[in-house]
Every structure is written in C-alpha cells, then in structure tokens.
Amino acid sequence: MTATRRSLLLTFVLLATVATAAYAQVPSPPAAEFPYTGNRTAVWIVAQLHILFAAFILGAPIFVVISEWLGYRKQDPRYDRLAKEVTKVTVILYSMTALTGGLFIFVLLATYPQFTTWLINHFFLIFAVIYPLLFIAETIVLYLYFYTWDAWKGEMKGRHIALGVLLNIIGTVTLFVIDGPTSFMNTPAKAAEGLSLVEYIQTASLWDKVYNYSWMPLNLHRLVGNVTFGGFIAGLIAAYMYMGAKNEEERAYYDWMGFVGNLIGVGALLFLPFMGYLLSFELCDYDASICPYMMADQLSMFFEMQGAMVGLIFLASNYYIWLSMKRIEGVERVRMTAVTLVVMVALPFIMTYVWTIFPVPDPRSLAVLVPLTLAPWIIGQGMPPIGRITVSSRTVIKVGFLMVVVGNAIWMTPHGFVATQALATEHLELPSDWSFLALMPAKNSAAFTLIFVTVVNYILYNRAIRQGTIVWGKIDFAAQFVLIFLAFSAIWTMGLMGAVRSLVRKYFHTYNLMPDFTAESFTPTLSYAGWWITGITLIFYMVVSFAIVVTLRASEAKAPERAGDPVPAGAK
Amino acid sequence: MGDERSFVKHVIKKGIIGIVVGIFLVGLARALDFPPVFQVMFFTYAMLGTAVFILLDAPSLQPMGGMKALVALLAFYVVLSGVYIGGASFWPQYDPEDEKGKIEKLLKAKRAATEQGKAEELLTRTKALAEKADAIMQRLQSVGGVAMASVPVGADSKRPSGTLPAATGDLVALGKEQWELQECYNCHKLSGQGGKKRGPEMDNIGSLMQPEELRQKILDPRSWMAEGFEKEYDKKKMPDKYKELMEDKDIDALVAYLSTLKNPSVNTPKPIKKK
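What you are looking at is a predicted structure, and each value in this text was computed from that prediction instead of being measured.

## Regarding the overall build of chain B
Step number 1: A count of helical and extended segments in chain B gives 12 helices and four strands.
Step number 2: Taking all 275 residues of chain B together, 21% fall into the buried category.
Step number 3: Contacts in chain B between residues far apart in sequence, at least 24 positions, make up 67% of those at least 6 positions apart.

Shown next as structure tokens:
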C-alpha cells in the first residue's frame, strides 16, 4: 500500500514535469472545452482543492515538530501522540496534494494552453527543475520522518526532531518558490524607467519576476494561514475521534487534542488579519485601481462575506474557550482587573479615531495602541486602588462576547448595500457623517478588538487552569461541533479569499500583461462563488474525513502499539 | 426537566432584552438619518448578540455516538452549507453583464492583434464582403446589370460620415467612454463623483494643461505632478500601464475629453513639470 502510494506520487511528479516541459514547446495548442462548469470553474475547483491539501501538508508539520519537541522536553506523551497522529493524516493528504497538483497542471494545460505555455516559459527553471526537485525531496523527508518515528526515540529523538525541522525548511522553501509564479500573476514586476512592461518582462531575470510586489506578503500570509488551517484541522481530527471514542481515557486525550488544535488555530489566526492587510496593502500599492475593485466595486461584497466569516470564526473560537472553562473546577475563583473591561469597550472607538488621524502604517498610532492594550496589566499591577477593582472571569468573558459582536458589526458594516459604487444611491449608503464606519481605520480597530478579546480570554483560561483543576474528557459535547464548525469555516474562508486573490487580476491571466480573451473573464457573482466554495469545502471535508477514518480509526481498531500512556482526567 | 424549563425562561428573557436593544438601535439609527436598510442591519446585529448570549447559557449537549452522532454530523454539514450559500446569496450581487461589454471593448484591439484575433477578423471581413457581394448582385438583378455595373466598389463608403462617431470628431464622447473604461474615476474626482484621495480633482484640468502635456502624463505618470500630491507622486500612485493598455486612438480620445474640462470653480491643483 505504502509502496504503491509512493510510486503513484513519484509518477505524478514525473508526469507533471515531463508534461510541463513538453507542453512549453508546443505553439498555440487549441483549448479544450470543459462541460457543465466551463473552463474557468474547472480550473478553480482543481486549483482550490490542491491549495487546501497543500496548505495542510505545509502547515501541519510546523506545529507537529513543535508538538514533538514539547513532548520530548516535558516528557508528556500526549504531545508526541498528537504529532504522530497528525503526521499520519498528513501522509495520506500528501498523496492527495500530489494527485490534485498533477490534475491541476493537466486541466490548466488543456483549458488555457497559450497562457500556461507562456507562464511555464517565464518560470521554466522553477516548474521543470526546482519545484519537482523540492517536491521529491519533501516526499523523501516526509516518509523518512514518519517511518523513523518509533525507531528514533529516546536518545535518538533529537535526530528525529531535526528531521522534522528539515521537513519544514523544505516545505517552506517549496511554498516560497511556487508563490513566485502565483504572485507574479497578480503583480508582475514593475517596468524599469523607459521600458514598457512587456519589454521589461522579456528581459527580466527569474529573480526579478519572483521577487515582485506581492511575493513576500503572500508568503507570509500563506505561512500563517497554513498553520491556522492545520490547527483547525487538528481540532477536526480530535472532534471526530472524540465522538467515536470508546472509553474515558480516549475522550480525555481527544478533548485535550481538540483544545491544543484550537489553540494553534486561534494563535495563528490572531496574526492573519495583519498578514491579509499587508498583502492587500501591497496589491493596492502596486496598482491603485486594485483597491477600489476589491473594496468598493465588484468584489466589495466578497469582503463583506469575509467579514462575516472572520466574525463567526472569532465567535466560535471564543465560545470554545467558554465551554472549556465551564469544565474547570474552581474557575469561579479567577478574577481580573476591571480596567480590562474598560479597555475592551473603549478599544474600537479610540482606535478608529487614532487610525483616522494616523493611518496605518504611521507608527504614531502605536503611541496610543500600545499603552492602551497594556493598560490592564500596567494599571492592574501597579496602580492601586483602581487596579485592585476586579471582576469575575465570567463577567470579563461575557463583556468580551459583547465586544466581539460589536467588532463583527463594525467589520461587516458596508459603505452601501450595493455590489458596485455605480449603483449607489443615498437610500442604500451610510449617511456621510457615518461613512467612517466603512473605512479602513474602523475595520482595523474592529479586527484589533476581536484579537484583544481573544487574547484576554486565553489569559483568563491560563489563570483558570493554574488556579483550578481541568477535567479532560468532560467538555460539553457541543464543543466538538464548535471544532468542526471552525475547521469548516476556516476552509470556506480560505476558498473565498483564494477566489478574491485570483479575481483581482480582473480580465487578465497575468495582471496588465496577459489578457484573458475567453468569455469567462468577468467577475462572477458572490452567490455563484458561494455555491462552488461550499462544494469544494465539502469535497475536501469528505477526503479529510476519509483520511482520518482510514488512518486513525482503522489503526485504533487494530489496537496498535500505544504512543503514550492514557491521560488521567484531571491532568493539566 | 428543570434545566429545560429554566433555559426556556432564559431564552425568553434574553429574547426580550435583544428585541428591546434592537428597537432602540433602530430608533437611534432613524434619528441619525441612517437609511432603512441600515436600520434593519442594526436590528440584525442585536439579534446576533441575543443568539450569542442565549448560546452562552445553554444547557450542555449530551454526548452521542454511533449512528446518532453520524446523523447529527451530516445534518450539521447540511445546515452549515445552506447557511453559507444563503449568506453569500443574501448580499447584493454584482451583475457580470455590466462588465462583459466593458471587457469586450477594452480587449478588442488586443484580441485583434493575436493570431486567433487576426483569423477571426479575416473571417469577419470575408463574411462582410460576401454579404456585400450578395447585396450588389441582388441590386444588379433587380435594376438591370448594365446600370448597376457602373456603381463603383465601395460606394457604400459615401454614406454621411456623421454615422461614424470617430470620423465626426465626436472624440470627446469616446474620451468620456475611456474615462469610464479605464476607471480613472477610482482615483480622480470629476463633477463631484469618484475617488477622493489618490489623485487630484480633474474638473479644471483642461485650463491647466495642454493636450500634449496631458498625453505625456498619461503615457508617463512620472512626467508631471499635481501640486499637493507629492506623497502620492513619490509612491508612484498613478499606474504606469496606460501606454500598454490603451491604443493611440483611445489616448487621443481621452486627451480630447480631458481638454474640455474647464470648470474654474473647482480647485484642480496646479500641474508641475517633473521630466
């Protein structure tokens, strides 16, 4: 089975390489017509599926190796078991990444032959040599990492962790390399003085094309996004396994795993709005017309939907913390300074005003932001009697939820209930005195409020487990649905924003350089996109669910060697 | 049973508070002149908050397993899919038909330059010639071959030139169309409409720049800078792409249109020559 999977994987890589090289030589081959979906949607489905699998196999090893290291350092077998179980699923999904990657190239070549040939010619070294070599190297290291897990333990654990680090280095380099052509399609290099863009691109070096405006922001955005995504999928694995657990020990372990998965997902999620902001900032800086296209015109409602999704994800992750705290004995003793409440409530209003005066990236806004967010700790610790006024953890979390709802509301409030500014009338737009609610300072402050509340909730949780006793395995069963919801919503949001990143190229395959002459180069409706994104998410979910059942449930049924001791309820 | 009863009480209590808050927000929004659609939005936010607070104090869900868990899971996925598709369909939808004609116009010249475009154009011309030949033959047959044989080829071209907008000098109308197609309004305000901060207002640009200077600015955005827009100039806010995206005739038309913009009541900033 394993040998077959490996051969399949290598065959796909080789086929894709040969096909890439051969096709790059073919002059203007005719395009195939994809039935039912049309060519663009066919490419969309395959590309998005490939990216989802790739995101997991690149994101999961980052926290897998950290988890393995924590297990080794703390001598806590739960971390090692988590790392190994996620790796098992990663190995299966790695095959799916290769499969969908090969399929992606074939569909692309068949449906957009001229453009694909043109792109391959521009990045020939990457597509024909560097990327396949990296993929093969990653395959070898991943399998080595997985199959040496039990052999390299004890004294040799350090070597195994080093292999995991190597896997991550190769994975990250692979991501950065393939982001070159991807980001080039959005922001091809800017022409040098006196040259047209077409002339410049013909003479530009490979590095000039790779190191374009959106390359590094895309690298960072995907890197953080992949960890978020991997964390939520780890939560999904835990939820499935918890639901199928046969005894208290298993429930205790998968309850713990779900919590860690959510912690990883949310931890990385906190950075994601900044990474997204950086990417859109660079896109707008590259060409100012991209910004209104995204935020005010054709794609504006896609961003409304994004706001709704991010809001739901933050609500759900905080709800998970709430459910987690409900099963901590002694949580009622945990209190926090009332200054936290004041900061929580004041944050969106003060920061909207500050960022309006000192727009991002003006560092002067930090002069307000930093003291404000640190106030609960500065005043709470060193300024009695104000800092001595405390409130219960329950009150803090409830006010936090209120502010998450307020933050969501600000994020989702549009400039107008119209899909494009051309259709705007005063009956559908914000009154001019309140139009600031739709501008970036308000949106940034909303995002920051969501992040601040989530951080405060985790701090409270941390205090709760230090002062009380956590009863693993006794979490409200609804928490498993919250974990599933988080994974589903994270995948859906990735699909949505992936579509946005592609669509900002407007009617170009490569922005301003290679027009898309097909009849499908228009902006689709959000509803149409919503149907396909949901379909893609469900397909991905089916495959991942199958992978979890095959790798973990099946191996559990065979009663293999236990990776660690059962976790007693009550362990921290 | 007791838990259920207390939860129902809790739902009713929170529901009433939510509705009161929602009504208050609607009243406030109305007083502040928010349009009705935003008043509905504020009420919806109040309901979202209510749902969240009801959920916080909901009784624990009993563990389930086997078939029951599987069915619950599938139902959950169906609901989630429905909610997300419904959510995406709820927002106002952009009509792709608005864009299709625009893209067609923008890409017409570029398409014609491609091999496929040339072949298509050749086919179109051949078809048009064939139709013209058919028409001539029919006229010859109807009025007598000798009389019509003296009609020179291309007599059709003697139609009033006014039917061809470009030939009539209606360059300004075509220029206005280019303003829309190239989305200049995204960065430049004109007649009180359009972008606000990225570029200067254009209402009086025709009084401040000669047509040749306007052409130079479009083709090379570094050649001129608007007074007070130093930061935008340094950040190269104006895209250096129009020399590739636009045909010469499109630039001529846009320049002709901009040259007509002479409204001194608007303070269009002074252009400064940089190159």
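## Remarks on the overall build of chain A
Step number 1: In terms of helices and strands, chain A carries 19 helices and six strands.
Step number 2: A globule of 572 residues ought to have a C-alpha radius of gyration of about 25 Å, and chain A, at 25 Å, matches this closely.
Step number 3: Principal-axis analysis of the C-alpha atoms places the extent of chain A at approximately 75 × 65 × 40 Å.
Step number 4: Sorting the 572 residues of chain A into buried and exposed places 53% on the buried side.
Step number 5: Long-range pairs, those at least 24 residues apart, make up 85% of the contacts in chain A with a sequence separation of at least 6.

## So, the environment of alanine 375 of chain A
Residues and elements named next belong to chain A.
Step number 1: If you trace the backbone, alanine 375 turns up in helix α15 (residues 366-382).
Step number 2: As a C-alpha pair, alanine 375 and threonine 340 span 35 residues in sequence and 7.6 Å in three-dimensional space.
Step number 3: Not counting the four nearest positions on each side in its chain, alanine 375 is found in contact with Val339 and Val343.

## Digging into the confidence of the model for chain A
Step number 1: Counting all residues, the mean pLDDT for chain A is 88, and 90% of those residues have values of 70 or more.
Step number 2: Contacts of residues 560-572 of chain A to residues separated by more than four positions or lying in other chains number 29 contacts, the stretch itself having pLDDT below 50.

## Brief notes about the domain arrangement of chain B
Step number 1: Assigned domains of chain B: these are domain 1 (1-58) and domain 2 (171-273).
Step number 2: A straight line from the C-alpha centre of domain 1 of chain B to that of domain 2 of chain B covers 49 Å.

## Details of helix α18 (residues 478-503) of chain A
Step number 1: Here α18 of chain A spans 37 Å end to end across 26 residues, near enough to the 38 Å set by a 1.5 Å rise per residue.
Step number 2: The buried fraction of α18 of chain A amounts to 20 of the 26 residues, a majority that puts the element mostly inside the structure.

## With respect to the interface of chain B and chain A
Step number 1: Listed per partner, the contact involves 52 residues of chain B and 57 residues of chain A.
Step number 2: Broken down by secondary-structure element, the contributors of at least two residues to the side of chain B that touches chain A are α2 (36-56), α3 (66-90), α4 (96-113) and α11 (242-245) of chain B.
Step number 3: Residues that form the side of chain B that touches chain A fall into these classes: 29 nonpolar, nine polar and 14 charged.

## Quick look at the environment of proline 211 of chain B
Residue and element names in this part refer to chain B.
Step number 1: Along the chain, proline 211 falls in helix α9 (residues 211-219).
Step number 2: Through-space distance from the C-alpha of proline 211 to that of valine 172 is 13 Å; in sequence the pair is 39 residues apart.
Step number 3: The residues contacting proline 211, other than those within four sequence positions of it, are Val255 and Ser259.

## Notes on the packing of helix α7 (residues 171-181) of chain B against helix α12 (residues 248-259) of chain B
All names here are of chain B.
Step number 1: Between α7 and α12, the shortest axis-to-axis distance is 7 Å and the interhelical angle comes to 100°. In terms of orientation, α7 and α12 fall into the roughly perpendicular class. Between α7 and α12, the contacting residues are Leu171, Val172, Leu174, Gly175, Lys176, Gln178 and Trp179 on the first element and Asp250, Asp252, Ala253, Leu254, Ala256, Tyr257 and Leu258 on the second.

## Considerations on the packing of α18 of chain A against α3 of chain B
Angle between the axes and distance between the axes: these two values describe a pair of packed helices.
Step number 1: Viewed as axis vectors pointing N to C, α18 of chain A and α3 of chain B meet at an angle of 40°, and their least axial separation amounts to 11 Å. Put simply, α18 of chain A runs oblique to α3 of chain B. The element α18 of chain A and its partner α3 of chain B pack so that their crossing is right-handed. Between α18 of chain A, through Phe481, Ile484, Phe485, Phe488 and Trp492 of chain A, and α3 of chain B, the contact on the second element is made entirely by Phe76, Leu80 and Tyr84 of chain B.
Step number 2: Of the residues that constitute the contact of α18 of chain A with α3 of chain B, the class distribution is eight nonpolar, no polar and no charged.

## A short note on the nonpolar core
Step number 1: Ranked by size, the top nonpolar core spans 218 residues in total, and within it Ile237, Leu483 and Ala487 of chain A carry the most contacts.
Step number 2: Taken domain by domain, the makeup of this core includes at least three residues from each of domain 1 (1-58) and domain 2 (171-273) of chain B.
Step number 3: Look past the residues within four positions of isoleucine 237 of chain A in its chain and what remains in contact with it is Glu85, Val86, Val89, Ile548 and Leu552 of chain A.

## Remarks on unusual backbone geometry
Step number 1: The phi dihedral of lysine 506 of chain A falls on the positive side, at around 55°, and the residue is not glycine.
Step number 2: Take lysine 506 of chain A: it is sitting in the loop between α18 and β5 (508-510).
Step number 3: The buried category is assigned to lysine 506 of chain A, around which 22 C-beta atoms lie within 10 Å.
Step number 4: Positive phi outside glycine occurs at serine 191 of chain B, with the angle close to 50°.

## Here we look at the environment of alanine 464 of chain A
Residues and elements named next belong to chain A.
Step number 1: Relative to the elements of secondary structure, alanine 464 occurs in helix α17 (residues 440-467).
Step number 2: Sequence separation of alanine 464 and valine 331 is 133 residues, and the distance between their C-alpha atoms is 5.3 Å.
Step number 3: Here alanine 464 is in contact with Met325, Ile328, Val331, Val334 and Ser393, once residues within four sequence places are set aside.

## Description of helix α10 (residues 248-269) of chain A
Step number 1: In this model α10 of chain A runs 31 Å from its N-terminal to its C-terminal C-alpha over 22 residues, within 8% of the 32 Å that 1.5 Å per residue would give.
Step number 2: Across the 22 residues that make up α10 of chain A, a large majority, 17, are buried.

So, how was this worked out
By convention here, each chain's residues receive numbers from 1 onward along its written sequence. Think of it this way: whatever chain is written first is A, whatever ligand is written first is 1, and the rest follow in order. Local features in this predicted model are restricted to residues of pLDDT 70 or higher, and side-chain atom pairs are both shown and tallied only at a pLDDT of 80 or more, whereas totals for entire chains, interfaces and linings draw on every residue. Counting from the N terminus, the helices are the DSSP runs of H or I reaching at least four residues and the strands are the DSSP runs of E reaching at least two. Here the C-beta atoms are placed from the backbone, and a residue counts as buried if at least 20 other C-beta atoms lie within 10 Å of its own, exposed if 12 or fewer do, and partly exposed otherwise. This entry defines residue contacts through backbone-placed C-beta atoms, with two residues in contact when those atoms are within 7 Å. Only C-alpha atoms enter the radius of gyration; for comparison, a globular chain is expected to reach 2.2 Å times N to the power 0.38, where N is the number of residues. The predictor attaches a confidence to each residue, and that confidence, scored 0 to 100, is pLDDT. Boundary definitions for the domains trace back to an automatic or database domain assignment. Expected span, for any helix, means 1.5 Å times one less than how many residues it has. In the scheme used here, Gly and all other residues not listed as nonpolar or charged are polar, with Ala, Val, Leu, Ile, Met, Phe, Trp, Tyr, Cys and Pro taken as nonpolar and Asp, Glu, Lys and Arg as charged. For every element, the axis is a line fit to its C-alpha atoms; helices are fit only across the contacting stretch, and the angle between N-to-C directions ranges from 0 to 180 degrees. Roughly parallel here means an angle under 35 degrees, roughly antiparallel means over 145, roughly perpendicular means 65 to 115, and every remaining angle is called oblique. Left-handed describes a crossing in which the near helix is turned anticlockwise from the far one by less than a right angle; the clockwise case is right-handed. Only buried residues count toward a nonpolar core: Ala, Val, Leu, Ile, Met, Phe, Trp, Tyr and Cys, linked into one set through C-beta atoms within 7 Å.

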